[in-house]
Amino acid sequence: MQRILVLNGGSSSLKVDVLSADGTRHFSKRFERLGPERSHGDALAEVLPRIEGPIAAVGHRVVHGGETFTRPTAITAEVVDTLVSLQHLAPLHIPANLAGIRAARELLPDVPHVAVFDTAFHRTLPRRAREYALPAAVRKTHRRYGFHGTSHHYVAERAAQYLEVPLEELRLISCHLGNGASVCAVEYGRSVETSMGMTPLEGLVMGTRSGDVDPGIVLELARELGVDGADKLLNKESGLAGLSSIGNDMRDIEERASQGDEACRLALHVFAHRLRKYIGAYAAVM
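Summary of the structure given here. (Residues numbered from 1 in each chain as written. Predicted model: local features only at pLDDT ≥ 70, side-chain atom pairs only at ≥ 80, totals over all residues. Heavy atoms only, no water.)

Now for the side chain of Ser13. Following the sequence through the fold, Ser13 ends up in the loop between β1 (3-9) and β2 (14-20). Look past the residues within four positions of Ser13 in its chain and what remains in contact with it is Asn8, Phe31, Glu32, Leu34 and His40. (Helix = DSSP H or I, 4+ residues; strand = E, 2+ residues; numbered from the N terminus. Contact = heavy atoms within 4.5 Å.)

With that out of the way, let us pick up the sheet that holds β2. An order of β3-β2-β1-β4-β6-β5 is seen for the six strands of this open sheet, with the pairing classed as mixed. The strands lining the two open edges of the sheet, one partner per strand, are β3 (25-31) and β5 (73-74). In terms of strand pairing, β2 meets β3 through six bridges, oriented antiparallel. The partner of Leu14 across the bridge, within β3, is Phe31. (Pairing = 2+ DSSP bridges.)

Here the focus is helix α10 (residues 262-285). Think of an α-helix as 3.6 residues a turn; residues three or four steps apart then line up on the same face. With 24 residues, α10 should cover 34 Å at 1.5 Å per step; its first-to-last C-alpha distance of 35 Å lies within 8% of that length. For α10, every residue scored as buried is listed here: Cys264, Ala267, Phe271, Arg274, Leu275, Tyr278 and Tyr282. In this structure, the buried side of α10 is in contact with β7 (171-177), β8 (181-187), β9 (190-194), α8 (239-244) and α9 (250-258). The N-capping residue of α10, defined by a side-chain oxygen 3.0 Å from the backbone nitrogen of Ala263, is Asp261. (Expected span 1.5 Å × (residues − 1). Buried < 20%, exposed > 50% of the residue type's maximum accessible area, 1.4 Å probe, protein only. Polar contact = N/O pair within 3.5 Å; in protein donor to acceptor, adjacent residues only side chain to side chain.)

Ranked by size, the top nonpolar core spans 30 residues in total, and within it Val62, Leu83, Ile101, Phe117, Val183 and Leu204 carry the most contacts. Of all elements in the fold, only α2 (77-85), α3 (94-107), β6 (113-117), β8 and α10 reach the threshold of two or more residues within this core. With 17 residues, the next largest nonpolar core counts Leu7, Phe27, Leu34 and Ala43 among its residues. (Core = buried A, V, L, I, M, F, W, Y, C linked by side-chain atoms within 4.5 Å.)

Following this line, the structure appears as structure tokens:
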């Protein structure tokens, strides 16, 4: 039976699996707490040479497809160039995705490589959920895409199996909670609302990302720190890391909170409050 290598790179994690079409797992490796000291590329360089046996194809989870990619796509040099041009939309993710693509294509140049996009599941967002309240000329290139689509789709299907009800008959709220976090309203098998927007910065409190903030704060930070400085603060220095002041790992924050650390307790409360608020809103949307 043919085996497929699957690479799933998150903002601070990497999952590597070799699977058969029937779901049999032949190899599995997980990396966590990746960052400047140990990058996604370092992790791939370590694990890929250890995979034994023939590989028929490689599947790559890619976070952002922009307007261009709305379904699984064979990876070519042109596709890689397009992903490079989309890096500004997901600065914590697309560079990691590209590192995986480049390393795997170098190691396995003679097999097909396919990109599967997080944004594809959310192509069904209705206009009322997709559009920002901006002038028409701006909305042509600035709209809500949503992310974690492969996760939300899978979770919705598994919930339907557990409930023994066809997915097409259910209205569900799915929560993807990790260093990146989002909520999705799945109505009769279709994504109709999700918490992330044009970039993975909108929505819930995340590991290092702020989630929702007053746009006026963004403007003020851009004036004080410059655009790049504001980008760095909102994407890499905020969220649980900014609230707790000890880092972005929930396990560490929970341990310190249990010991009475007030900053860590605040981080947990803000995270849970934002999540509850979105769940309630999505129940109302559906």
